[in-house]
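Breakdown of the fold
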Amino acid sequence: MTGHIRKINEGKWFIRISAGKHPITGKRIQKSRVIEGSRKDATKALHDLRSQEYAGSLNSSNATLDEIVTRWLDAPTKGGRVRAVSTKYHDQKRYERYVHPTLGGKKADDIRPVDFANLYQSLIRDAGLSPRSILNIHSVLRASLKWGWRLELVKSQAIEKVVPPSAQLFPPRAPDVKVVLNHLEILKESNPNLWIAVFLAGSMGLRRSEIAGLRWSHIDLDAKTLKVCEGIVKIPGHGSITTGTKTGLHGFARFDLHQTSFDALVCRYLEFGQTLLAFENRNQSDGYLFSSDLLCERPIDPDLLTKWLRKHCASHPELEPITFQSLRKFTSSALEGGGVDETTASALLRDRPETVLRHYRAAKQSRVRIATLQLGDLLTQ
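What counts as what
Residues numbered from 1 in each chain as written. Predicted model: local features only at pLDDT ≥ 70, side-chain atom pairs only at ≥ 80, totals over all residues. Heavy atoms only, no water. Helix = DSSP H or I, 4+ residues; strand = E, 2+ residues; numbered from the N terminus. Buried < 20%, exposed > 50% of the residue type's maximum accessible area, 1.4 Å probe, protein only. Areas by Shrake-Rupley, 256 points an atom, 1.4 Å probe, with all protein chains shown as cover. Pairing = 2+ DSSP bridges. Expected span 1.5 Å × (residues − 1). Arc of directions from axis to C-beta. Phe/Tyr/Trp six-rings, centres within 6.5 Å; stacked < 30°, edge-to-face > 60°. Polar contact = N/O pair within 3.5 Å; in protein donor to acceptor, adjacent residues only side chain to side chain.

Bringing the overall build of the protein into the picture now. A tally of helices and strands in the protein yields 14 helices and eight strands. Burial analysis of the protein (381 residues in total) assigns 39% to the buried set. Total accessible area on the protein stands at roughly 22200 Å², and carbon and sulfur atoms take up 52% of it.

Here it is, written out as structure tokens:
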């Protein structure tokens, strides 16, 4: 850490030290003071300024909150992997829309806990955001500032003192097995493609993105297994992109195929082979299971699967509507009713144990209500 003293005029001195480069912008950092007195006073002030910097006053940089969050979004995850495009997009949009206008330009170390608390209150009061949305915003701020603190880009940990609003969790409600069976019976005749998607979602708990990302190379027809290892998500400005599963490496799985789904997939694979022969394309053997083009080279738009299912449900108002999300709840409820333990269910659904536990509790409460009514009928008789 270098420095120098320059005489301005009689009894006034200018001192300055160089303290490396800014960790965000890469620009040179200089600290300066104007000292009144003798040269001896200026020399002592220069020594004190150096001591302050060595003591850690530069651990807190002049980085703004915008700079910290931008660099955090570009950094790898804790596991050293590149951040998923979809995750980065949604986190960036949340920050740019709700945080940047008020706090983005401020120095990160100057932001107090009350500033974050006031922001959350204004977003709830003026923007009408739900507690769940506030929690998502708080997660972005907390993760980015904690990352910056570990790299000594920020000194303050004001965000740790902020308590975000609690999000109310309602008990999940799963469709009844009779409802799902009725939908499958109709879809098998009216829309075989959607029938396979719904059957896979209900029997294996596959997410919509995972269904759209299924390739023929993921299916081993000899071993009768299906591998879940990627998904398709739609990002504005990027289109449909291939990502990992929603829960990352924990979402990877290999399932045994039920005979019903196996037979349907064999028929679909034979149709795919005939299409390749018709176009004299014998090299393309790894097409997508669900696709909008004949050669299945491009995955289906996940939103199209939702539109198909929504249109089907609108055509049959006599049945309770279902969604791909509710089908995962059905899978969890059916596993609980079948006596499967929570650890096994968590592995099959590839979800957090606390999420599966919520579904199990809801299923048990539903059975308690039914049992109560049955006891009432018994006493009435």
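After that view, the rundown keeps rolling.
Inspection of the sheet shows strand S4 (residues 219-220) paired to strand S5 (residues 225-228) by two bridges, in the antiparallel sense. What sits directly across from Asp220, in S5, is Thr225. Turn length for the S4-S5 hairpin, with the two strands adjacent in sequence and antiparallel, is four residues, and the turn residue Lys224 shows positive phi of about 55 degrees. The pairing of S5 with strand S8 (residues 253-256) spans four bridges and is antiparallel. Bridge pairing in S8 places Thr225 opposite Asp256.

The next thing to look at is helix H10 (residues 259-278). In this model, H10 (20 residues) spans 29 Å end to end at C-alpha, consistent with the 28 Å of a helix rising 1.5 Å per residue. Among all positions of H10, only Ser261, Phe262, Ala264, Leu265, Arg268, Phe272 and Leu276 are buried. Here the buried residues of H10 occupy an arc of 160 degrees about the axis, which is enough to place them on one side. Along H10, exposed side chains directed more than 90 degrees from the buried face belong to Leu270, Glu271, Gln274, Leu277 and Ala278.

Excluding glycine, residues mostly carry a negative phi; peptide bonds, for their part, are mostly trans. Although it is not a glycine, Glu152 adopts a positive phi angle of roughly 60 degrees. Relative to the helices and strands, Glu152 resides in the loop between helix H6 (131-150) and helix H7 (177-190). Since its relative accessible area comes to 48%, Glu152 is described here as partly exposed. Backbone geometry at Lys224 places phi at a positive 55 degrees, although glycine is not the residue there. As for its position among the elements, Lys224 is in the loop between S4 and S5.

Our next topic: the sheet that holds S5. Strand order in the open sheet made by the three strands is S4-S5-S8, with antiparallel pairing throughout. Among the strands making up the open sheet, the edge pair consists of S4 and S8.

The next thing to look at is the packing of aromatic side chains. This model, assessed by the stated rule, comprises four aromatic pairs. Arranged with centres 4.9 Å apart and planes meeting at 65 degrees, the rings of Trp216 and Tyr269 form a pair that is edge-to-face. Of this pair, Trp216 sits in the loop between helix H9 (208-212) and S4 while Tyr269 sits in helix H10, and the two are 53 residues apart along the sequence. Counting every residue linked through ring pairs, the aromatic cluster contains Trp216, Tyr269 and Phe272.

Attention now goes to helix H13 (residues 342-349). Buried residues of H13: Ala345, Ser346 and Leu349, and no others. Along the axis of H13, the buried residues cluster in a sector spanning 100 degrees; they form a single face. Facing away from the buried side of H13, by more than 90 degrees, are the exposed residues Thr343 and Ala347. Residue Asp341 occupies the N-cap position of H13, its side-chain oxygen lying 3.2 Å from the main-chain nitrogen of Thr343. Immediately beyond the C-terminal end of H13, within one or two residues, lies Arg350, with a positive phi of roughly 55 degrees.

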